Amino acid sequence: MTTNSAPTTALTHIAQLVTNDPSLGEGPLGLIQDAAVVIDGDRIAWVGPSGKAPATDNAVDAGGRAVIPGFVDSHSHLVFAGDRTEEFNARMSGRPYSAGGIRTTVAATRAAGDDVLRANVARYLAEGLRQGTTTQETKSGYGLTVEDEARALRIAAEQTDEVTFLGAHIVPPEHADDPAGYVDLVTGPMLDACAPHARWVDVFCEKGAFDGDQARAILTAGAAKGLVPRVHANQLGHGPGVQLAVELGAASADHCTHLTDADVDALAGSETVATLLPGAEFSTRATWPDARRLLDAGATVALSTDCNPGSSFTSSMPFCIALAVRDMGMTPDEAVWSATAGGARALRRTDVGRITPGARADLALLDAPSHVHLAYRPGVPLVSAVWHKGVLV
């Protein structure tokens, strides 16, 4: 059944296949037992029962193990330099710590050469890929000058298609006395320099960062340049972030830790995805987001790592799945869907996050008979093989 010059490959004897297509199998995950998948080039060509798999050039026996779509990590901050071990250690040890948080990373990132930043991005992308992440969004936000933000986005765009301009991460120290001037910089020269390298525009809408009016101005300016909004919303407390995200048609509102009933209703009645980032709550001992409340209201939920050097230094989507099931009220099925199809929704992608004919051939083979083991066996490296764009990596 070769349709081009690339050989076809069949994965057979899959104990349980998560397709994320209810029309192909059982339940919301579209589960198929004793399944097979055929890869043709970089695409899925066929899925179904193992005994009915068509002939292919190559075959891989899954040996009674589970296969899931590659994870879609829709929120991370990988373009940075430096280390904040001391900050984390102090926080976990109950000691006061007065270093500058994000500003510490900004200083280190500005001082780093391109090769250092490029190597760091490659390192964390590879780290995620080994754990099954085949689609990765990442942001700027640790440069906060026109030159450094544009540089971060250029470096990120070399290695991933999902790049977000986050010049509005915090107000940098040199603009501390003139936040309005910094907003003008972000919406003017910085946006002009950064828009060609990004798909998305984001803002940290939070007390101590950017208020609702500032965030609206930044996101509106980004949209006028063709960038689609996303929002860091309601992480540290109640605020306007979620309502602003829904109002502006943002692809996602990320964190969503502190929500009013009106916020939940707004998300449930919109196309804006609520992206939950349990690594941040784990690493800061903060209140867990209530995924159950969002799901029961009908909101679309994604899970992501928020990989960054300060508040969530993990690249492990399986770890975030385990946290979501243990501490956020999600079922294993819901958490796996949110880490795959949910992330794809947050990135407005239809070609990833599912194993269906025509989708990109991104798959993870688990050393387990079921996807439930991702939560059942937390901390165990269950991803034993990964196919990315049809290539075994």
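Rules and cut-offs
- Residues numbered from 1 in each chain as written.
- Predicted model: local features only at pLDDT ≥ 70, side-chain atom pairs only at ≥ 80, totals over all residues.
- Heavy atoms only, no water.
- Phe/Tyr/Trp six-rings, centres within 6.5 Å; stacked < 30°, edge-to-face > 60°.
- Helix = DSSP H or I, 4+ residues; strand = E, 2+ residues; numbered from the N terminus.
- Lys NZ or Arg CZ within 6 Å of the ring centre and 35° of its normal.
- Pairing = 2+ DSSP bridges.
- Axes fitted to C-alpha atoms, helices over the stretch in contact; angles between N-to-C directions.
- Parallel < 35°, antiparallel > 145°, perpendicular 65-115°, else oblique.
- Left-handed = near helix turned anticlockwise from the far one by under 90°.
- Contact = heavy atoms within 4.5 Å.
- Buried < 20%, exposed > 50% of the residue type's maximum accessible area, 1.4 Å probe, protein only.
- Arc of directions from axis to C-beta.
- Core = buried A, V, L, I, M, F, W, Y, C linked by side-chain atoms within 4.5 Å.
- Salt bridge = Lys/Arg side-chain N within 4 Å of Asp/Glu carboxyl O.

*Asks:* How should I be thinking about the packing of aromatic side chains in this particular structure?
*Replies:* Geometrically, a pair of aromatic rings is defined through the distance of the ring centres and the angle of the planes. Under the counting rule described, the total for this entry stands at six aromatic pairs. Note on Phe80 and Phe313: the rings are 5.9 Å apart at their centroids and 75 degrees apart in plane angle, and the pair reads as edge-to-face. In this pair, Phe80 is assigned in the loop between strand S5 (71–73) and helix H1 (85–93) and Phe313 in the loop between strand S12 (301–303) and helix H11 (317–327), connecting sequence segments 233 residues apart. An aromatic cluster is built from Phe80, Tyr124, Tyr142 and Phe313, whose rings are joined through pairwise contacts. A cation sits over an aromatic face here: Arg230 above Trp200, 4.3 Å from the ring centre.

*Asks:* What's the story with the sheet that holds strand S2 (residues 32–40) in this structure? I'm lost.
*Replies:* Hydrogen bonds between backbone atoms are what pair the strands of a sheet, whose relative direction is either parallel or antiparallel. Spatially, S3-S2-S1-S4-S13-S14-S15 is the arrangement adopted by the seven strands of the open sheet, whose pairing is mixed. Where the open sheet ends on each side, the last strands, each with one partner, are strand S3 (43–49) and strand S15 (391–392). Across seven bridges, the pairing between strand S1 (residues 8–17) and S2 is antiparallel. Each bridged residue has a counterpart across the sheet, and for Gln16 the counterpart in S2 is Gln33.

*Asks:* How should the packing of H11 against helix H12 (residues 332–346) be read in this particular structure?
*Replies:* For any two helices packed against each other, the geometry is given by the interaxial angle and the distance between the axes. Viewed as axis vectors pointing N to C, H11 and H12 meet at an angle of 140 degrees, and their least axial separation amounts to 9 Å. Judged on the interaxial angle alone, H12 and H11 are oblique. Where H11 crosses over H12, the handedness of that crossing is right-handed. On H12, the residues that touch Met317, Ile321, Ala324 and Val325 of H11 are Pro332, Ala335, Val336 and Ala339.

*Asks:* Would you take a moment to explain the pairing of S3 for this structure?
*Replies:* Pairing between S2 and S3: six bridges, direction antiparallel. Each residue of the ladder has a partner; that of Val38, found in S3, is Trp46.

*Asks:* Which parts of the structure should I look at to understand helix H2 (residues 102–111)?
*Replies:* Because an α-helix packs 3.6 residues into every turn, residues spaced three or four apart end up facing the same way. Residues of H2 that are buried include every one of Ile102, Thr105, Val106 and Thr109, and no others. What you see down the axis of H2 is that its buried residues fit within an arc of 105 degrees, all on one side. The elements touched by buried residues of H2 are helix H3 (114–130) and helix H4 (146–157).

*Asks:* Help me understand the nonpolar core, please; the structure alone is not making it clear to me.
*Replies:* Phe165, Phe210, Leu267, Leu294 and Leu303 are the most contacted members of the largest nonpolar core, which has 84 residues in total. By size, the runner-up hydrophobic cluster in this structure holds 17 residues, among which are Ile32, Val67, Ile355 and Ala361.

*Asks:* Hey, could you run me through the pattern of salt bridges in this one?
*Replies:* Throughout the structure, instances matching the rule amount to 21 salt bridges. Where Asp362 meets Arg360, a salt bridge forms, and the shortest distance between an N and an O atom there is 2.8 Å. Where salt bridges share partners, they join Glu162, Arg199, Arg349 and Asp351 into one cluster.

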